[in-house]
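A structural walkthrough
Next come the chains, spelled out residue by residue.
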Amino acid sequence: MGKIDTIFKEEEKMGTRNRSKILIALLTLVLLVGLISIVASCNNEATTPATTLPVTTTPATTVPKPANPEIIMASTTSTRDSGLMDVLIHIFEQQTGYKMKPIYVGSGAAMSMGQKGNADVLLVHSPAAEVKFMDDGYGINRKLVMHNDYIIVGSPADPAGIKGMTSAVDALKKVSDAQINFYSRGDNSGTDALEKSLWKKLGISVADNSTTNPKWYIEGGTGTGMLDLLRIASEKNGYTITDRSTYLANKKILSLDVLVQGDPVLLNIYHVIQVNPANFSNVNADGAKAFSDFMLSTATQAIIKTYGVDKYGQALFFPDAGKTEAELGSQ
Amino acid sequence: MGMIFDGIKQAFLLLIHGDPQVLKIAWLSLLVSGSATVCSLCVGIPLGAVLGLSRFPGRRFVASLINTGMGLPPVVVGLVVSIFLWRNGPLGILHIMYTPAAMVIAQFIIAMPIVAGFTMAATQQLDPKLRLQILSLGASRVQLVWILLKEARLPLLAAIMAGFGAIISEVGASMMVGGNIMGQTRVLTTAIVGENSKGEFAYAIALSIILMALVFLVNFILTMVQQRAKAR
């Protein structure tokens with residue numbers, strides 16, 4: 001009898017000990033949750049390394065809320081990764097009262113969204129595909145916003161010997177002749193489209209997920225962003241084409257050198273396109289126009305002109321509102 | 001290696017200074033996954049109990065569907081939910097695409113079969129004589145199920161932890177239906193992917209540490225509750 005009593009008493013003690021452990025853990029969770037909600041409801045300036053939002057000069061009067069405040073903007077990973085869109089969207093929302101839902105996919109995917117009416121406005125950089133998009137009647141008011149450029153990068157050893165060449169197409173020919181690994185996005189993004197167009201000029205046909213691609217032509221596929229591809233190329237000492245801003249922002253972790261730059265075909269041109277409201281009744285046409293006007297406004301273009309100077313020593317984008325593509329080609 | 005230490009340091013700094021963006025992201029993670037878990041319990045436990053305790057034609061087929069659902073790939077769920085919730089999808093007029101509500105729906109679909117599957121197994125392994133005993137004491141149908149569920153407390157709590165664990169850590173569906181929009185649908189997992197693709201590795205590691213700490217805390221409490229049941 002006595003032994004069973006002790007066993008029961010021990011089990012009860014274990015129960016009490018576990019009970020107090022649970023109470024302590026519950027208390028910690030409640031405190032944590034309380035802390036989170038208190039601080040999250042405060043409106044402090046964000047201090048994360050990703051973006052430091054500028055102090056905006058908003059007018060003293062309250063901004064009128066638009067009838068349909070939600071705008072879905074489909075854009076590309078390069079505009080997101082540079083941090084430029086975070087800055088611009090913040091200002092746009094404060095100035096106009098619209099609520100932006102920015103979705104960053106590739107230019108091809110963004111245009112797909114526009115085709116199905118799942119986005120209101122696009123900010124993309126795949127000119128050939130955009131022209132087709134407009135011709136098919138999916139978009140209206142395609143306006144040039146800004147540009148930067150692509151560069152061909154590769155390992156410092158440069159086995160194909162393309163460093164300093166001024167013609168991108170000739171440089172790629174040397175890479176293909178030497179059969180050195182070339183890494184492609186392979187995801188129908190603007191970068192991917194540009195790169196494939198250069199191979200086409202050489203007469204080498206490469207396609208996404210094709211089994212007939214040359215053995216040295218390696219694709220990342222959808223989901224491999226520009227930075228991921230650069231890291232792969234860096235690890236495997238291969239060549240690739242990248243936009244300058246992604247390269248600049250991550251140079252320190254890559255062992256890749258800039259080999260070819262300045263060729264006019266390497267221009268990376270961004271357009272803003274409003275999704276055609278005639279196709280879909282639930283597209284936010286007013287919102288799309290407001291955003292398009294905002295991107296082309298003098299104030300925004302001034303921000304674009306200086307974005308990146310303090311962090312990288314040079315601007316990441318060049319503002320181009322009002323110009324035509326032909327004018328850019330001559331620069 | 002230095003990056004991991006940087007990440008740990010940054011995690012502490014972010015939490016101590018109460019960085020509002022990080023706290024907002026963490027809070028949304030808890031809110032979305034917590035709500036989805038609660039909803040999946042409300043549907044999954046009764047469903048699992050019915051499947052485990054009753055007999056009807058086609059029961060085994062439904063059971064195999066539930067078990068398949070336990071292995072449902074989150075990205076597939078995200079894709080299908082997206083197709084329904086897109087502007088021009090069948091449920092587009094609800095305007096819940098790219099909102100936390102859409103994420104809760106997707107996570108509910110992922111967690112519910114897990115909870116139901118575990119509950120089904122838990123109720124099936126109860127001694128059938130126990131059911132007879134309870135009925136002989138005059139219990140109603142509802143009382144019977146309630147007592148049986150209490151008996152199966154151990155595996156049931158495992159079900160809750162499995163369901164919560166699956167959705168707090170998933171990123172595919174949350175990314176697709178949420179869009180990782182800062183201040184609106186950014187949760188810890190999607191933020192980690194986003195920061196990683198921007199090259200902000202230390203920040204991504206910091207967020208990972210915070211995520212794992214949160215998951216550990218929740219599971220610690222649930223485990224204590226579960227193991228206390230055993231001490232009887």
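Residues numbered from 1 in each chain as written. Chains lettered and ligands numbered in written order. Predicted model: local features only at pLDDT ≥ 70, side-chain atom pairs only at ≥ 80, totals over all residues.

A short note on the overall build of chain B
We count it as follows: Every helix listed is a DSSP run of H or I at least four residues long, and every strand listed is a run of E at least two residues long, numbered separately from the N terminus. To assign burial, the other C-beta atoms lying within 10 Å of each residue's own C-beta are counted, with C-beta atoms placed from the backbone; 20 or more indicates buried, 12 or fewer indicates exposed, and intermediate counts indicate partly exposed. Here, residue contact means that the backbone-derived C-beta atoms of the two residues sit within 7 Å.
A tally of regular secondary structure across chain B gives 11 helices and 0 strands. Of the regular secondary structure in chain B, the N- to C-terminal order runs α-α-α-α-α-α-α-α-α-α-α. Principal-axis analysis of the C-alpha atoms places the extent of chain B at approximately 65 × 50 × 25 Å. Split into buried and exposed, the 232 residues of chain B put 45% on the buried side. Contacts in chain B between residues far apart in sequence, at least 24 positions, make up 77% of those at least 6 positions apart.

Points about the overall build of chain A
When its secondary structure is counted, chain A shows 13 helices and 10 strands. Residue burial in chain A is summarised as follows: out of 331 residues, 40% are buried. Across chain A, the fraction of contacts at a sequence separation of at least 24, relative to all contacts at a separation of at least 6, is 75%.

Some words on the domain arrangement of chain A
All names here are of chain A. Put simply, the rule reads: For the domain bounds, the source is a domain assignment made automatically or taken from a database. Under the scheme applied, nonpolar residues are Ala, Val, Leu, Ile, Met, Phe, Trp, Tyr, Cys and Pro; charged residues are Asp, Glu, Lys and Arg; polar residues are all the others, including Gly.
Assigned domains of chain A: these are domain 1 (70-148 + 269-329) and domain 2 (149-266). The C-alpha-based centres of domain 1 and domain 2 are spaced at 25 Å. Elements with a contribution of two residues or more to the side of domain 1 that touches domain 2: α2 (77-81), α4 (107-115) and α5 (127-135). Each residue belonging to the side of domain 1 that touches domain 2 can be placed in one class, and the counts come to 6 nonpolar, 11 polar and 1 charged.

Some details on the pairing of strand β2 (residues 99-105) of chain A
Residue and element names in this part refer to chain A. For the record, the criterion: By definition, two strands form a pair when at least two bridges between them are found by DSSP.
Counting buried positions along β2 gives 6 out of 7 residues, so the element sits mostly inside the fold. Bridge count for strand β1 (residues 70-76) against β2 is 7 bridges, and the pairing is parallel. In the strand pairing of β2, S75 is matched with Y104.

Describing the confidence of the model for chain A
Residue and element names in this part refer to chain A. Just so we agree on the cut-off: By definition, pLDDT measures how confident the predictor is in each residue, and it falls between 0 and 100.
Looking at chain A as a whole, its pLDDT mean stands at 83, while 83% of the residues score no less than 70. The least confident element of chain A, judged by mean pLDDT, is helix α1 (residues 2-41) at 65; the most confident is strand β3 (residues 121-124) at 95. Note on residues 39-60: pLDDT under 50 across the span, and 34 contacts to partners over four residues away in sequence or across chains.

Describing the nonpolar core
For clarity, the cut-off: By definition, a nonpolar core groups buried Ala, Val, Leu, Ile, Met, Phe, Trp, Tyr and Cys residues that connect through C-beta atoms lying within 7 Å of each other.
Of all hydrophobic cores here, the largest spans 108 residues; its most connected members are A:M73, A:A119, A:L122, B:A106 and B:I210. At 16 residues, helix α5 (residues 100-124) of chain B tops the list of elements feeding residues into this core. If we skip the residues at most four places from it in the chain, B:A106 touches B:V77, B:G78, B:V81, B:A173 and B:V177. Core analysis: the next-biggest nonpolar cluster, separate from the first, contains 30 residues, A:A160, A:M165, A:L256 and A:V260 among them.

Topic: the confidence of the model for chain B
Per-residue confidence for chain B gives a mean pLDDT of 89, with 98% of residues at or over 70. Scored as a complex, the prediction yields pTM 0.79 and ipTM 0.77.

Let's talk about unusual backbone geometry
All names here are of chain A. Of note, N141 is a non-glycine position whose phi angle comes to about 50 degrees, a positive value. Inspection of the secondary structure puts N141 in strand β4 (residues 139-154). Notably, D158 is not glycine yet its phi reads approximately 50 degrees, a positive angle. Structurally, the position occupied by D158 is in the loop between β4 and α6 (168-178).

Side note on the pairing of strand β9 (residues 267-275) of chain A
All names here are of chain A. The buried fraction of β9 amounts to 8 of the 9 residues, a majority that puts the element mostly inside the structure. As defined by bridge partners, β4 adjoins β9 across 8 bridges and the pair is classed as antiparallel. Counterpart to M146 in the pairing with β9 is Y270.

Points about the packing of helix α3 (residues 59-70) of chain B against α5(B)
Residues and elements named next belong to chain B. The cut-off we apply is this: Axis definition: a line fitted to C-alpha atoms, limited for helices to the stretch in contact. Angles are taken between N-to-C directions and run from 0 to 180 degrees. What sets the label is the angle itself: under 35 degrees gives roughly parallel, over 145 gives roughly antiparallel, 65 to 115 gives roughly perpendicular, and the rest give oblique. Note: crossing handedness is left-handed where the near helix turns anticlockwise from the far helix by less than a right angle, and right-handed where it turns clockwise.
Following both chains from N to C, one finds α3 and α5 inclined at 125 degrees, their axes separated by 8 Å at the closest point. Compared by their axis directions, α3 and α5 come out oblique. The handedness of the crossing between α3 and α5 is left-handed. Contacts from A63, I66, N67, G69 and M70 in α3 reach P113, I114, A116, G117 and M120 in α5.

Digging into helix α8 (residues 153-168) of chain B
Put simply, the rule reads: Between the first and last residue of a helix there are one fewer steps than residues, each counted as 1.5 Å, and that sum is the expected span.
Given a rise of 1.5 Å per residue, 16 residues ought to cover 22 Å, and the 22 Å separating the end C-alpha atoms of α8(B) matches this to within 8%. Inspection of α8(B) places B:L156, B:L157, B:A159, B:I160, B:G163, B:F164, B:A166, B:I167 and B:I168 among the buried residues, and these make up the whole buried set.

With respect to the packing of helix α2 (residues 20-53) of chain B against α5(B)
Residue and element names in this part refer to chain B. Here α2 crosses α5 at 35 degrees, and the two axes come no closer than 6 Å. Here the hand of the crossing between α2 and α5 comes out right-handed. The residue makeup of the contact of α2 with α5, split by class, is 21 nonpolar, 12 polar and no charged.

Things to note about the environment of A:G139
By the secondary structure assignment, A:G139 is in strand β4. Along the sequence, A:G139 and A:V272 sit 133 residues apart, while their C-alpha atoms lie 9.9 Å from each other.

Topic: the environment of B:R55
Residues and elements named next belong to chain B. As for its position among the elements, R55 is in the loop between α2 and α3. The class for R55 is exposed, based on 7 C-beta atoms found within 10 Å. Sequence-wise, R55 and V75 are 20 residues apart; in three dimensions their C-alpha atoms are separated by 34 Å.

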